[in-house]
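Descriptive analysis of the structure
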Amino acid sequence: MTARQQVTSALFVDLGEGREIRHGARAGQIRWTQPEARFECLICRTAETPVVRPGEPIPAVVGRFIAYIRTTHQAVCTAATSEGVRAA
């Protein structure tokens, strides 16, 4: 028999919409707009979003946000388990 598993948290990452730059020195490059990331704990019902600085690379934002969730949410969540925080 397998052990019962339960989803305790969810991490959503939307990289935004990419648009090609058509003129100037950066012509042909893709510019990503409106990136979003959100973490929701289904146990304590909290939702957190990362702080995004204009022009900051999306992988850096998401990486920093995931590291923040892994290190701090378990400390503030009254019912978090290590498995739920590790899954983020």
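Structural data are supplied above this passage.
This write-up is about the structure you can find in this document.

Cut-offs applied
- Residues numbered from 1 in each chain as written.
- Predicted model: local features only at pLDDT ≥ 70, side-chain atom pairs only at ≥ 80, totals over all residues.
- Heavy atoms only, no water.
- Buried < 20%, exposed > 50% of the residue type's maximum accessible area, 1.4 Å probe, protein only.
- Helix = DSSP H or I, 4+ residues; strand = E, 2+ residues; numbered from the N terminus.
- Pairing = 2+ DSSP bridges.
- Patch = residues over 30% accessible without salt bridge, like charges linked within 9 Å, V, L, I, M, F, W, Y side chains within 5 Å.
- Areas by Shrake-Rupley, 256 points an atom, 1.4 Å probe, with all protein chains shown as cover.
- Salt bridge = Lys/Arg side-chain N within 4 Å of Asp/Glu carboxyl O.
- Contact = heavy atoms within 4.5 Å.
- Axes fitted to C-alpha atoms, helices over the stretch in contact; angles between N-to-C directions.
- Lys, Arg positive; Asp, Glu negative; His and termini not counted.
- Polar contact = N/O pair within 3.5 Å; in protein donor to acceptor, adjacent residues only side chain to side chain.
- Disulfide = S-S within 2.5 Å.

**Considering the pairing of strand β4 (residues 36-41)**
Burial of the side chains of β4 is restricted to one face: A37, F39 and C41 are buried, whereas none of E36, R38 and E40 on the reverse face is. As defined by bridge partners, strand β1 (residues 9-14) adjoins β4 across six bridges and the pair is classed as antiparallel. Along β4, the bridge assignment pairs A10 with E40. In the sheet, β4 pairs with strand β5 (residues 47-48) via two bridges, with the strands oriented antiparallel. Bridged to F39 within β5 is E48.

**A closer look at a nonpolar patch on the surface**
Among the surface-exposed residues, L11, V13, L15, I30 and W32 lie close enough to one another that they form a single nonpolar patch of about 440 Å² accessible area. Of all the secondary structure elements, the ones that give two or more residues to the nonpolar patch are β1 and β3 (30-33). With respect to the helices and strands, I30 occurs in strand β3. Judged by its relative accessible area of 44%, I30 falls in the partly exposed class.

**A look at the sheet that holds β5**
Read from one edge of the open sheet, three strands run β1-β4-β5, paired in antiparallel fashion. With one partner strand each, in any of the chains shown, β1 and β5 form the two edges of the open sheet. Contacts between helix α1 (residues 58-76) and the sheet are confined to β1, β4 and β5, with β4 contributing the most and set at about 15° to the helix.

**Considering unusual backbone geometry**
Positive phi, close to 65°, is recorded for R45, a residue that is not glycine. Within the secondary structure layout, R45 lies in the loop between β4 and β5. Its relative accessible area of 66% is what places R45 among the exposed residues.

**Examining the side chain of E48**
Inspection of the secondary structure puts E48 in strand β5. Look at E48: it is buried, it has no salt bridge, and the nearest opposite charge is R64 at 12 Å. A distance of 3.3 Å separates the side chain of E48 from the side chain of Y68, its partner in a polar contact. In this view, E48 contacts A37, R38, F39, F65, Y68, I69 and H73; residues no more than four positions away in its chain are not counted.

**A word on the state of the cysteines**
A covalent bond between the sulfur atoms of two cysteines is what we call a disulfide. Tallying each qualifying case throughout the model produces zero disulfides. Free of any disulfide, C41 has its nearest cysteine sulfur in C44, 3.5 Å distant. The partly exposed category is assigned to C44, whose relative accessible area is 23%.

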